[in-house]
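Now for the letters of each chain:
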Amino acid sequence: MPDDSDLANLARLLRASPEVLLAYGVEDQTGADAQAVALLGTEPFGPERLSALRAALVATVETGRLELIDLGPVPPQRQRQILQRGRLLYARECALVGPFELGVLRACLDAR
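For the overall build of the protein chain, give the residues involved together with the corresponding values.
Regarding its fold elements, the protein chain presents four helices and four strands. In the protein chain, the order of α-helices and β-strands from amino to carboxyl end is α-β-β-α-β-α-β-α. Looking at the protein chain residue by residue over its 112 residues, the buried ones come to 44%. Within the protein chain, counting contacts between residues at least 6 apart in sequence, those at least 24 apart form 68% of the total. As displayed, the protein chain offers around 6400 Å² of accessible surface, 52% of which is attributable to carbon and sulfur atoms.

Take a look at the structure:
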């Protein structure tokens, strides 16, 4: 995961992207020390916006081994894995975290 100075730069970059609401850091499922940032936005990001954000994040954390995940279309079980294994890197507002995470848990329970 990024160090403290990288996290500060990451927060600045995400704050400048008004569509980003939450960001979680996780180990990429491809393994080998790859990193992933899972983003929740006001709407789906689309491939072009994800690519632009990835380029900016790679420059910020100085690694080429970074994957971006749009949390919006991700199934609830995968969202739950990200919440369990990852850590919150950024929240536009603290009040967004609880309702999102609770919603993920409810969706997982409803799917049972």
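And the narrative resumes.
Before we move on, can you summarise the nonpolar core with the specific residues and values?
Nonpolar side chains tend toward joint burial in soluble globular proteins. Ranked by size, the top nonpolar core spans 18 residues in total, and within it L14, V20, V37, L39 and L68 carry the most contacts. Among the secondary structure elements, those contributing two or more residues to this core are α1 (4-15), β1 (20-27), β2 (35-41), α2 (46-61), β3 (66-70) and β4 (87-91). Considering each element in turn, this core owes the most residues, five residues, to α2. Setting aside residues no more than four positions away along its own chain, V37 makes contact with A23, Y24, L66, E67, L68, I69 and L89.

Account for the environment of L96, with residues named and values stated.
Here L96 lies in the loop between β4 and α4 (97-111). The partly exposed category is assigned to L96, whose relative accessible area is 29%. Along the chain, L96 and L22 lie 74 residues apart, while their C-alpha atoms are 7.8 Å from each other. When residues no more than four places from it in sequence are discounted, the contact partners of L96 are L21 and L22.

Report on α4, specifying residues and quantitative values.
With 15 residues, α4 extends 21 Å from end C-alpha to end C-alpha; this agrees with the ideal 21 Å at 1.5 Å per step. Elements in contact with the buried residues of α4: β1, β2, α3 (76-85) and β4.

What counts and what doesn't
- Residues numbered from 1 in each chain as written.
- Predicted model: local features only at pLDDT ≥ 70, side-chain atom pairs only at ≥ 80, totals over all residues.
- Heavy atoms only, no water.
- Helix = DSSP H or I, 4+ residues; strand = E, 2+ residues; numbered from the N terminus.
- Buried < 20%, exposed > 50% of the residue type's maximum accessible area, 1.4 Å probe, protein only.
- Contact = heavy atoms within 4.5 Å.
- Areas by Shrake-Rupley, 256 points an atom, 1.4 Å probe, with all protein chains shown as cover.
- Core = buried A, V, L, I, M, F, W, Y, C linked by side-chain atoms within 4.5 Å.
- Expected span 1.5 Å × (residues − 1).

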